[in-house]
Amino acid sequence: MYDVLIVGGGASGAALLHVLANYTNIGRLGLVEKYPEAGQVNSKASNNSQTLHVGDIETNYSIEKVKTVYPAAMMLARYAEQLPVVQRDSFLFPMPKMVIGVGETEVRELETRFQALKGIFPALRLLTREEIAVREPNIVKGRDPAIPLTAIAADGFAVDFEQLAKILIGNVKRDHPQTDVFFSHQVERIAKTEQGYELHFTNGKTLQTRVLVVDADSYSLLLAKQLGYGTEFSLIPIAGNFYFSAPLLNGKVYTVQEPKLPFAAVHGDPDVRMPGRTRWGPTARFHPVLEARNMRTSLDFLASSGLNRLQTWFSFAAILLDPVRFFYLLENMLYELPLVGTWMFLKHVRKIVPTIRFSDVTLARGYGGMRLQRVDTRTRELLLGEGKIVGDRAIFNMTPSPGASVCLYNAMRDASLVVKFLEDGSRFDETRLKRELYAPLDGAGDSQDTSLKSSYAS
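Residues numbered from 1 in each chain as written. Predicted model: local features only at pLDDT ≥ 70, side-chain atom pairs only at ≥ 80, totals over all residues. Heavy atoms only, no water.

1. Notes on the overall build of the chain
Broken down by element type, the chain carries 14 helices and 20 strands. Taken over the C-alpha trace, the chain has a radius of gyration of 22 Å; the compact-globule value for 458 residues is 23 Å, and the two agree within 12%. Along the first, second and third principal axes, the C-alpha atoms of the chain reach 70 × 50 × 40 Å. Burial status across the chain gives 60% buried among its 458 residues. Counted over contacts in the chain with a minimum sequence separation of 6, partners at least 24 positions apart contribute 74%. Looking at the chain as shown, the accessible area adds up to about 18,500 Å², and 56% of this sits on carbon and sulfur atoms. (Helix = DSSP H or I, 4+ residues; strand = E, 2+ residues; numbered from the N terminus. Rg over C-alpha atoms; globule rule 2.2 N^0.38 Å. Buried < 20%, exposed > 50% of the residue type's maximum accessible area, 1.4 Å probe, protein only. Contact = heavy atoms within 4.5 Å. Areas by Shrake-Rupley, 256 points an atom, 1.4 Å probe, with all protein chains shown as cover.)

See the structure below:
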């Protein structure tokens, strides 16, 4: 019988294992992961934008949200500073970044936003066209000089969240050998027991735990529904593709976000695992699976989506038939067409690099993850960002971006709940954790939920 069992070996589950092992006195800890190694789904380097999201170039973060996301995300950087250089440099990569504004409306928006952000990020810069040309010459080259152009620029980090998950778990196993980690253990079903929960796996094994935490993103809702939680929620499954080109950018370059869309606007990033490539994207299309490029998970999507309820269909119609979302998804569907799709996608890339040619880009096969957006079928509302369902001694986390960026912060919050669930004198040294990893901004509370206060893109 475990005191706490974590389902999911991505960045979020690994971060919680790290916090519970190092900052609590809980005796029996375990983690289960269905794949043979950690970080193989949304944390996998090919399945996300590899960005540490702190709010400086994410134009869809409210200023209040930036104040909580920034210190929460920087916990990861502070954790990295305490590691041996070899470990730190294997997953955290310093990288310049900017968000560009093209045209009068976007330029005004960035100028206003810069004034609100500069007190939070003293090193933030508002760049002129000439300054942009020095940092990212391909943004200015070939661009109509009559069109206004500006950028908010900062120094930031790219992250290999897959490698982060492996390091977090590996260090726990090294320093706390009594902690159990089970790979190749896929949960088949979960049953409530008098003592807690019993997990049955597809390999025939069974484990019991007093407290259960599921950090399995889209599968969290599926497992919650097995126990009667979250039945009012559904999922809109959005898959994203990426394209590769030669190295046309020196750092990450984002564009201004459309506020009605829960999908990140097209951006360009140097890929940390593909040296000499710039990665472009993502696109977005409706794809009824829970894992990218795994059609076997389509049945799992059907089981978690609640499509047998009329309320779900009414909710999907209300959300997806909004003109902005409908035409966006329709356009993105056309990107799947051979040749024509790439040509259509180029118009968004040319907002960043005007001179890029059709022959410069190729589809990044095997790249792109799933961004499953929650839907409240009671209100027919699209719930942007992360979600958390709290049950009887159980937590189910759904963590689209920036879930991996704030994984240690989310783990801190969950650790507080876990010790309350146990009711056995277990202690969580939150004071030490905050001293070592967390520094809230002046005027921003340190207990706010970074996920649910305002919208952001996955």
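More follows now that the structure is in view.
2. Some details on the packing of aromatic side chains
Throughout the structure, instances matching the rule amount to eight aromatic pairs. Considering the side-chain rings of Tyr-70 and Phe-121, the 4.7 Å spacing of their centres and the 65 degrees angle between planes classify their relative orientation as edge-to-face. With Tyr-70 in helix 2 (residues 63-81) and Phe-121 in the loop between helix 4 (104-117) and strand 4 (125-127), the pair connects residues that are 51 residues apart, well separated along the chain. A relative accessible area of 7% places Phe-121 in the buried class. Centroid distance Tyr-409 to Tyr-438: 5.5 Å. Interplanar angle 45 degrees. Geometry classified as tilted. Residue Tyr-409 is found in helix 13 (residues 407-422), and its partner Tyr-438 is found in the segment after helix 14 (430-437); the two are separated by 29 residues along the sequence. With a relative accessible area of 5%, Tyr-438 lands in the buried category. Here the aromatic residues Tyr-243, Tyr-335 and Phe-345 are joined through ring pairs into a cluster of three or more. Here the guanidinium or amino end of Lys-192 rests over the ring plane of Tyr-197, the centre of that ring lying 5.0 Å away. Here the basic side chain of Arg-279 rests over the ring of Phe-242, its NZ or CZ set 4.5 Å away from the ring centre. (Phe/Tyr/Trp six-rings, centres within 6.5 Å; stacked < 30°, edge-to-face > 60°. Lys NZ or Arg CZ within 6 Å of the ring centre and 35° of its normal.)

3. Here's the deal with the environment of Cys-407
By the element assignment, Cys-407 lies in helix 13. The exposure class assigned to Cys-407 is buried, which follows from its relative accessible area of 2%. Along the backbone, Cys-407 and Ala-72 are 335 residues apart, and their C-alpha atoms lie at a distance of 8.3 Å. Not counting the four nearest positions on each side in its chain, Cys-407 is found in contact with Ala-11, Ser-12, Ala-15, Leu-76 and Leu-164.

4. Considering the pairing of strand 20 (residues 394-398)
Residues in a regular strand point their side chains to alternate faces of the sheet. For strand 20, the tally of buried residues reaches five of five residues, placing the bulk of the element in the interior. Side chains of strand 20 alternate between two faces, with Ala-394, Phe-396 and Met-398 and Ile-395 and Asn-397 buried alike. One ladder, built from five bridges, connects strand 19 (residues 387-391) with strand 20; its direction is antiparallel. Bridge pairing in strand 20 places Ile-389 opposite Phe-396. Where strand 19 folds back on strand 20, the antiparallel hairpin that results is connected by two residues, among which Arg-393 adopts a positive phi of roughly 55 degrees. (Pairing = 2+ DSSP bridges.)

5. Focus on the environment of Val-266
Within the secondary structure layout, Val-266 lies in the loop between strand 12 (252-255) and strand 13 (267-270). For the pair formed by Val-266 and Leu-212, sequence separation is 54 residues and the distance between their alpha carbons is 37 Å. Setting aside anything within four residues of it in sequence, one finds Val-266 in contact with Thr-255, Gly-281, Pro-282, Phe-345, His-348, Val-349 and Ile-352.

6. Quick word on the pattern of salt bridges
Applying the stated rule across the entire model yields 28 salt bridges. The partner of Glu-291 in a salt bridge is Lys-34, and the shortest N-O contact between them spans 2.4 Å. Here Glu-291 is found in the loop between strand 15 (285-286) and helix 9 (298-305), whereas its partner Lys-34 is found in the loop between strand 2 (29-32) and helix 2, with 257 residues between them in sequence. The exposure class assigned to Glu-291 is buried, which follows from its relative accessible area of 5%. Using a relative accessible area of 23% as the deciding quantity, one classes Lys-34 as partly exposed. Across the salt bridge formed by Glu-37 and Lys-166, the nearest N and O atoms sit 3.1 Å from each other. Placement of Glu-37 in the loop between strand 2 and helix 2 and of Lys-166 in helix 7 (residues 161-175) is noted, with a sequence separation of 129 residues between them. On the basis of relative accessible area, Glu-37 is assigned to the partly exposed category, the value being 38%. (Salt bridge = Lys/Arg side-chain N within 4 Å of Asp/Glu carboxyl O.)

7. As for the sheet that holds strand 10 (residues 233-239)
With antiparallel pairing, the four strands of this open sheet are ordered in space as 15-10-17-18. Every other strand in the sheet has two partners, leaving strand 15 and strand 18 (381-383) as the edge strands with one partner each. Looking at chain direction, strand 10 and strand 15 are connected through two bridges and run antiparallel. Bridge assignment links Ala-239 to a residue of strand 15, and that residue is Arg-285.

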